[in-house]
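Listed here are the chains, written in short residue letters.
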Amino acid sequence: MIEIDRQSCIKCGKCIRDCVVEVLKAGEGGYPSLPPELARYCLNCQHCLAVCPAGALSCHGVKAPDCAGIGELPDAGKMLNLLRQRRSIRHYRNEAVSPEIIDKLKSALAWTPTGCNYHRLFFRIISDRAEMDYFRSETSKMLQLLIRTGIMRLIYPNFRRYLDEIMSGKDVIYRGAPHMIIAAVPKSAPCREADPWIALSYLDLYMQSLGLGSCWCGFAVHAFKWNPRLRKELHLPSGYRIGGVLLFGWPDVTYARATAPEAFPAE
Ligand SMILES: Cc1cc2nc3c(=O)[nH]c(=O)nc-3n(C[C@H](O)[C@H](O)[C@H](O)COP(=O)(O)O)c2cc1C
């Protein structure tokens, strides 16, 4: 539902122009309006709300004063430094991330884009070290069983070099991280492959700006896939599946320089 405050609307048409699904139309008296028969196509992306210079529009009950203002952005140089200096962190200090910082991370997640603005991701954050250690030891037990039965060699022939490490109890999956965040996505989401990893990538960059270290963990996604009992302990809403996992904590490594990766062909 889009509502217009006619007292403040200046009829500039910016909301109509920026409506991605073209459902906002110039209506009676030139004021923008959402015809009832088109209302179901509205993605609730809030572009109309964000673009309105007069703050005259509310989108599904959200008004201009509910939105953050336009703040300063990192300049291009700092942004490029962030992209270059972000590293996957595999050494963590034995120190929990405070609930205040975890709250900051949780609130930042709301701004992740999702395909068709589906916006129904679900995040499970493992903030308790003991709980993380439980996932660590249960995963290790499962992997050791898969190795002993020979199944591991069959399903993941390329992981042969990790087998001895797993058998010796090394945490090759969670890398000693004190925390992880699991992004789950409805099985019916239009962009279910992309949405969770995009959300975690956004969060990853934000984490770096807070001084945290993080590491995407495709291995954990596989580990949960092979262990339905462990997956159940995440208490995901019904109809959801795990889309991505990000490890995080305070880093116990500093880098003296950025890397020099080979450029991708980009023609
Ligand atoms: C989708 C995805 C899954 C990944 N899974 C793992 C993983 O399971 N374990 C791990 O240690 N690193 C994982 N990584 C991190 C990559 O190995 C890492 O990005 C790459 O080595 C480059 O290093 P950098 O991130 O420090 O630039 C993953 C990265 C991506 C993008």
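Quick look at the structure, then. (Residues numbered from 1 in each chain as written. Predicted model: local features only at pLDDT ≥ 70, side-chain atom pairs only at ≥ 80, totals over all residues. Heavy atoms only, no water.)

Some words on a nonpolar patch on the surface
Definition in use: For patch detection, residues must exceed 30% relative accessible area and be free of salt bridges, and they are connected within 9 Å for like charges or within 5 Å for nonpolar side chains (Val, Leu, Ile, Met, Phe, Trp, Tyr). Note on areas: Shrake-Rupley, 1.4 Å probe, and residue coverage restricted to the protein chains presented here. Counted as salt bridges are all cases of a side-chain nitrogen of Lys or Arg within 4 Å of a carboxyl oxygen of Asp or Glu. Secondary structure elements follow DSSP: runs of H or I no shorter than four residues count as helices, runs of E no shorter than two count as strands, and numbering proceeds from the N terminus. Between buried and exposed lies partly exposed: a residue is buried under 20% and exposed over 50% of the maximum accessible area for its type, with that area taken using a 1.4 Å probe on protein chains only.
On the surface, a cluster of nonpolar side chains totalling about 380 Å² of accessible area is made up of Ile 151, Leu 154, Ile 155 and Trp 226. At three residues, helix α6 (residues 151-155) tops the list of elements feeding residues into the nonpolar patch. Since its relative accessible area comes to 35%, Ile 151 is described here as partly exposed.

Observations regarding the nonpolar core
Worth spelling out the cut-off: In this description, a nonpolar core means a group of buried Ala, Val, Leu, Ile, Met, Phe, Trp, Tyr and Cys residues linked to one another through side-chain atoms lying within 4.5 Å. Any pair of residues with heavy atoms lying within 4.5 Å of one another is described as a contacting pair.
If you look at the biggest cluster of nonpolar residues, it comprises 33 residues, and the most contacted ones within it are Tyr 174, Met 180 and Leu 247. The element best represented in this core is helix α5 (residues 129-148), accounting for six residues. Residue contacts for Met 180: discarding those within four places in its chain leaves Arg 124, Ile 125, Ile 126, Met 132, Phe 135, Tyr 174, Phe 224, Val 245, Leu 246, Leu 247 and Phe 248. In terms of nonpolar packing, the next biggest core, distinct from the first, is built from 20 residues, Val 97, Ala 189, Met 207 and Leu 212 among them.

A word on the site of the ligand
Put simply, the rule is: A molecule or strand has a residue near it when one of that residue's heavy atoms lies within 4 Å. Definition of a polar contact: a pair of N or O atoms within 3.5 Å, with one able to donate and the other able to accept a hydrogen when the atoms are protein atoms, and with sequence-neighbouring residues admitted only if both atoms are side-chain atoms.
As a structural note, the neighbourhood of the ligand is formed by Arg 86, Arg 87, Ser 88, Arg 90, Arg 175, Cys 215, Trp 216, Cys 217, Gly 218 and Phe 219. Arg 175 places a polar side-chain atom, nitrogen or oxygen, 3.0 Å from an oxygen atom of the ligand. Separating a nitrogen atom of the ligand from a backbone N or O atom of Trp 216 is a distance of 3.3 Å. Contact with the protein chains hides 62% of the accessible area of the ligand, taken as 620 Å² for the molecule alone. Secondary-structure elements contributing two or more residues to the shell around the ligand are β7 (213-216) and α9 (218-226).

Describing empty space enclosed by the protein
Test applied: A cavity, in this analysis, means grid points on a 1 Å lattice covering only the protein atoms where a 1.4 Å probe fits yet has no way out; a pocket is instead an open set bounded by protein on both sides within 12 Å along at least five of seven lines, and a residue lines either one if it has an atom within 4 Å of a point. Grid points are joined across faces, edges and corners, and a volume is the space filled by probe spheres set on the points.
Evaluation of the coordinates by the stated rule reveals three cavities of 30 Å³ or more. Empty space within the largest cavity amounts to approximately 120 Å³. Lining the largest cavity we find 13 residues, and of these Leu 143, Met 152, Tyr 156, Phe 159 and Ile 173 sit closest to its centre. Only α5 and α9 provide two or more residues apiece to the lining of the largest cavity.

Digging into the pattern of salt bridges
Evaluated as defined, the whole model comprises twelve salt bridges. Its salt-bridge partner being Asp 204, residue Arg 86 comes within 3.9 Å of it at the nearest N-O pair. Remark: Asp 204 occurs in helix α8 (residues 194-209) and Arg 86 occurs in the loop between α3 (76-85) and α4 (99-108); sequence separation between them is 118 residues. Its relative accessible area of 18% is what places Arg 86 among the buried residues. Note on Asp 204: relative accessible area 1%, which makes it buried.

A few points about the sheet that holds β7
Filter applied, for reference: Here the rule is simple: two strands pair whenever DSSP picks up at least two bridges between them. Note on method: axes are straight lines fitted to C-alpha atoms, helices fitted across the in-contact stretch only, with angles between N-to-C directions ranging 0 to 180 degrees.
Strand order in the open sheet formed by four strands is β5-β6-β8-β7, and the pairing between neighbours is antiparallel. Looking along the sheet, the strands with just one partner apiece sit at the ends: β5 (122-126) and β7. On average, each strand axis in the sheet is tilted by 25° relative to the strand beside it, whichever way the strands run. Sheet topology places β5 next to strand β6 (residues 179-186); five bridges connect them, and they run antiparallel. Each bridged residue has a counterpart across the sheet, and for Ile 126 the counterpart in β6 is Met 180. Against the sheet, α8 makes contact with β5, β6, β7 and β8 (240-249), and its axis sits at roughly 15° relative to β8, the strand it touches most.

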